[in-house]
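Structural characterization, general
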Amino acid sequence: QVQLVESGGGLVQAGGSLRLSCAVSGSIFSINAMGWYRQAPGKQRDVVATITSGGRTNYGDSVKGRFTISRDNAKNTVYLQMNSLNPDDTGVYYCAAGRLAVVPQRGVDYWGQGTQVTVSS
């Protein structure tokens, strides 16, 4: 089993920044890919960014150039640095882990509890 605990969400004004953290524990050796999804009110959960065990990253089109996903293997933590935030970035952000991949969503084996990010205009 793998446990994911997110932190770092909150309320920020448009143009501001936040950094989300996802602490990973348990059978970490089984995980190949990590990522962040977000779910806006009334919308489906969509992928924001992913990172593999080898460090390869991918981003959703709406966040490219603004968000950066990274991992600290020594701390077993994955980060999402979010810059130039706008109200469309509002939602619950979920950390995801997969033994093979985290995209598509059905490949996710473990989810965090989610952390709320609210961007005011």
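One structure accompanies this document, and this report is about it. (Residues numbered from 1 in each chain as written. Predicted model: local features only at pLDDT ≥ 70, side-chain atom pairs only at ≥ 80, totals over all residues. Heavy atoms only, no water.)

1. A look at the environment of G91
Considering the arrangement of structural elements, one finds G91 in strand β9 (residues 91-98). Separated by 69 residues in the primary sequence, G91 and C22 have C-alpha atoms spaced 16 Å apart. Other than its neighbours up to four places away in sequence, G91 contacts Q39, A40, T115, Q116 and V117. (Helix = DSSP H or I, 4+ residues; strand = E, 2+ residues; numbered from the N terminus. Contact = heavy atoms within 4.5 Å.)

2. Considerations on the nonpolar core
In this structure, L4, M34, W36, L80, M82 and Y93 are the most contacted members of the largest nonpolar core, which totals 26 residues. Those elements that provide at least two residues to this core are β1 (2-7), β3 (18-26), β4 (33-39), β5 (45-52), β7 (67-72), β8 (77-82), β9 and β11 (115-120). Broken down by element, the residue count for this core peaks at four residues, all from β3. Excluding residues that lie within four positions of it along the chain, M82 makes contacts with G16, S17, L18, L20, R66, F67, Y93 and V117. (Core = buried A, V, L, I, M, F, W, Y, C linked by side-chain atoms within 4.5 Å. Buried < 20%, exposed > 50% of the residue type's maximum accessible area, 1.4 Å probe, protein only.)

3. Let's talk about the pairing of β5
Relative to β5, β4 runs antiparallel, the two sharing seven bridges. Bridge pairing links A33 to T52 in β5. A loop of five residues connects β4 with β5, the two strands running antiparallel in sequence, and G42 in this loop sits at a positive phi of about 75°. Pairing between β5 and strand β6 (residues 57-59): three bridges, direction antiparallel. Among the inter-strand pairings, A49 is bridged to a residue of β6, identified as Y59. A loop of four residues connects β5 with β6, the two strands running antiparallel in sequence, and G55 in this loop sits at a positive phi of about 95°. (Pairing = 2+ DSSP bridges.)

4. Observations regarding the sheet that holds β1
Taken in spatial order, the four strands line up as β1-β3-β8-β7 in an open sheet, and their pairing is antiparallel. Edge positions in the sheet fall to β1 and β7, since each of these pairs with one other strand and no more. Neighbour to neighbour, the strand axes of the sheet diverge by 15° on average, direction disregarded. Pairing between β3 and β8: six bridges, direction antiparallel. Bridged to L20 within β8 is L80. (Axes fitted to C-alpha atoms, helices over the stretch in contact; angles between N-to-C directions.)

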